[in-house]
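The chain contents come next:
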Amino acid sequence: MEPGRTLRVELTASTMFRVVLACAAVWLLFVIWPILLVIVVALMIAGALAPPAAWLERRGMRRGLAVAVVFSAVFLGFAAVAALSLPSLAAQLSDLVDRLPRAQWQLADMLQKSRLTAPLAASVRGAQSTQLTTRAAQQLVAYSGQIAEVIAYGVASVFLALYLVVDRDRMRGSLFALIPRSYHVRTSRVLLNLETIVGGYVRGQVITSVAMAAFTFVVLTVARAPHALTIAVFAGLTDVLPYIGGLLALAPAVFAASLQGLPVAIGVLVALVVYQELESRVIVPRVYGHALRLPSAIVMVAL
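Computed from a prediction, not measured in an experiment: that's the story for all the values here. (Residues numbered from 1 in each chain as written. Predicted model: local features only at pLDDT ≥ 70, side-chain atom pairs only at ≥ 80, totals over all residues. Heavy atoms only, no water.)

A. View of the overall build of the protein. Regarding its fold elements, the protein presents twelve helices and zero strands. Across the 303 residues in the protein, those meeting the buried criterion constitute 25%. For the protein, restricting intrachain contacts to residue pairs at least 6 apart in sequence, the fraction spanning at least 24 positions comes to 59%. Entry remark: accessible area of the protein is about 20,400 Å², with carbon and sulfur atoms responsible for 72%. (Helix = DSSP H or I, 4+ residues; strand = E, 2+ residues; numbered from the N terminus. Buried < 20%, exposed > 50% of the residue type's maximum accessible area, 1.4 Å probe, protein only. Contact = heavy atoms within 4.5 Å. Areas by Shrake-Rupley, 256 points an atom, 1.4 Å probe, with all protein chains shown as cover.)

If you want it as structure tokens, here you go:
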């Protein structure tokens, strides 16, 4: 550029319109992301429950009745698990709050015995367990609105999944009416693959989560650690997160086992770490690979 000359950048009306349109799209996506999440969860539920309903339908059962049977069976299963576990969970959480001061001092005494961990003993003793409990209760009350909102979104996802499975043919007809005829065959293949992938992923995740919860419960029960059921349920829920979920479940399990002594805590730690490695390297690739019809190596890379 020659000296003294200025560079002028002019924005055309179409460019400004595109920028405004992009900003509006981002803002709209930020506003409606809960609705999109409800739709995604509903599609996952529908993908997991559609194959059993189709199996019953092939056996001569009407589609509406088959869907009702599948959703009723799943609902009764969750209700039975909740009825068996929630009272025990509530009792164990209450007992955990009562035992927290004594467990705090036991942990501090255990840390005091080693030179490496002795500086941490004073910090553990200085923590006020009553203040922690009160603060946790205050946070629970503060987030009660968000918890109710999540529950409402979950119920909406279940009902949306029910309608998607019941009106499957009508929904597909509406979708095909919106796209050009030349893309109908390709769209049909995509829908079939999505149903297989989503359903397989959900079923694989259920299997691995139940296995993690069962193993954690057995290990803590053998170790006579308190709150085995509560920690096992937490381990099953965190198992949804690949690799990270197992690490999150280690801390409460080892802490509960430490109340029975340091050797017991080390044994529980080793058992859970070995199982988590076995699950991450063997069980998850095999289960997901079978459910998704993919090689185990691709599953490991994806995770």
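That was the structure; now back to the text.
B. A look at helix α10 (residues 244–258). Spanning 15 residues, α10 covers 22 Å between terminal C-alpha atoms, matching the ideal 21 Å at 1.5 Å per step. The complete set of buried residues in α10 reads G245, G246, A249, L250, A253, A256, A257 and S258. (Expected span 1.5 Å × (residues − 1).)

C. Here's a closer look at the packing of helix α1 (residues 13–31) against helix α2 (residues 33–58). Running from N to C, α1 and α2 cross one another at 60 degrees; their axes reach a closest spacing of 5 Å. Across the interface between the two elements, L29, F30 and V31 from α1 touch W33, P34 and L36 from α2. A class-by-class count of the residues in the contact of α1 with α2 yields six nonpolar, no polar and no charged. (Axes fitted to C-alpha atoms, helices over the stretch in contact; angles between N-to-C directions. Nonpolar A, V, L, I, M, F, W, Y, C, P; charged D, E, K, R; others polar.)

D. Region of interest: the nonpolar core. Counting residues in each nonpolar core, the largest one holds 13 residues, and the members touching the most others are L220, A225, I231, A253, A257, V268 and L272. Counting residues per element, the ones that place at least two in this core are α8 (184–222), α9 (228–238), α10 and α11 (262–292). Considering each element in turn, this core owes the most residues, four residues, to α10. In contact with L272, not counting residues within four places along its chain, are F215, T216, L250 and A253. Ranked by size, the runner-up nonpolar core spans twelve residues in total, among them A53, V67, A161 and L164. (Core = buried A, V, L, I, M, F, W, Y, C linked by side-chain atoms within 4.5 Å.)

E. Looking closely at the packing of aromatic side chains. Evaluation of the coordinates by the stated rule reveals one aromatic pair. The interplanar angle of 15 degrees and the centroid separation of 4.3 Å between the aromatic rings of F215 and Y275 together place this pair among those described as stacked. Of this pair, F215 sits in helix α8 while Y275 sits in helix α11, and the two are 60 residues apart along the sequence. Among the residues examined, F215 registers a relative accessible area of 27% and is labelled partly exposed. (Phe/Tyr/Trp six-rings, centres within 6.5 Å; stacked < 30°, edge-to-face > 60°.)

F. Quick look at the side chain of T208. Inspection of the secondary structure assignment puts T208 in helix α8. The contacts of T208, once residues within four sequence positions are left out, are D239, E279, I283, V284 and Y288.

G. Up close: the pattern of salt bridges. With the rule as written, the count across this model stands at one salt bridge. The partner of R63 in a salt bridge is E57, with the nearest N and O atoms 2.8 Å apart. Residue classification places E57 among the partly exposed positions, given a relative accessible area of 29%. (Salt bridge = Lys/Arg side-chain N within 4 Å of Asp/Glu carboxyl O.)

H. Representation of the packing of α2 against helix α6 (residues 144–166) in the model. Two elements in contact, α2 and α6, have axes separated by 8 Å at closest approach and are oriented at 50 degrees. The angle between α2 and α6 places the two elements in the oblique class. By crossing handedness, the relation of α2 to α6 is classed as right-handed. Facing α2, whose interface residues are P34, V38, I39, V41, A42, L43, I45 and A46, α6 presents Y153, A156, S157, V158, L160, A161, L164 and V165. (Parallel < 35°, antiparallel > 145°, perpendicular 65-115°, else oblique. Left-handed = near helix turned anticlockwise from the far one by under 90°.)

I. Fine view of a nonpolar patch on the surface. On the surface, a cluster of nonpolar side chains totalling about 760 Å² of accessible area is made up of W27, L28, F30, V31, W33, L37 and V41. Where the nonpolar patch is concerned, the elements lending two or more residues are α1 and α2. Per-element accounting of the nonpolar patch gives the leading share, four residues, to α1. On the basis of relative accessible area, F30 is assigned to the exposed category, the value being 63%. (Patch = residues over 30% accessible without salt bridge, like charges linked within 9 Å, V, L, I, M, F, W, Y side chains within 5 Å.)

J. Just unusual backbone geometry, in detail. In this structure, R224 takes a positive phi of about 60 degrees despite not being glycine. Within the fold, R224 resides in the loop between α8 and α9.

K. Structural context of the side chain of D239. Relative to the helices and strands, D239 is located in the loop between α9 and α10. Each residue touching D239, except ones within four places of it in the same chain, is listed here: Q205, T208, S209, M212 and E279.

L. Structural detail: the environment of A251. As for its position among the elements, A251 is in helix α10. For A251, a relative accessible area of 53% translates into the label exposed. Considering only alpha carbons, one finds A251 and L269, 18 residues apart in sequence, at a separation of 9.0 Å.

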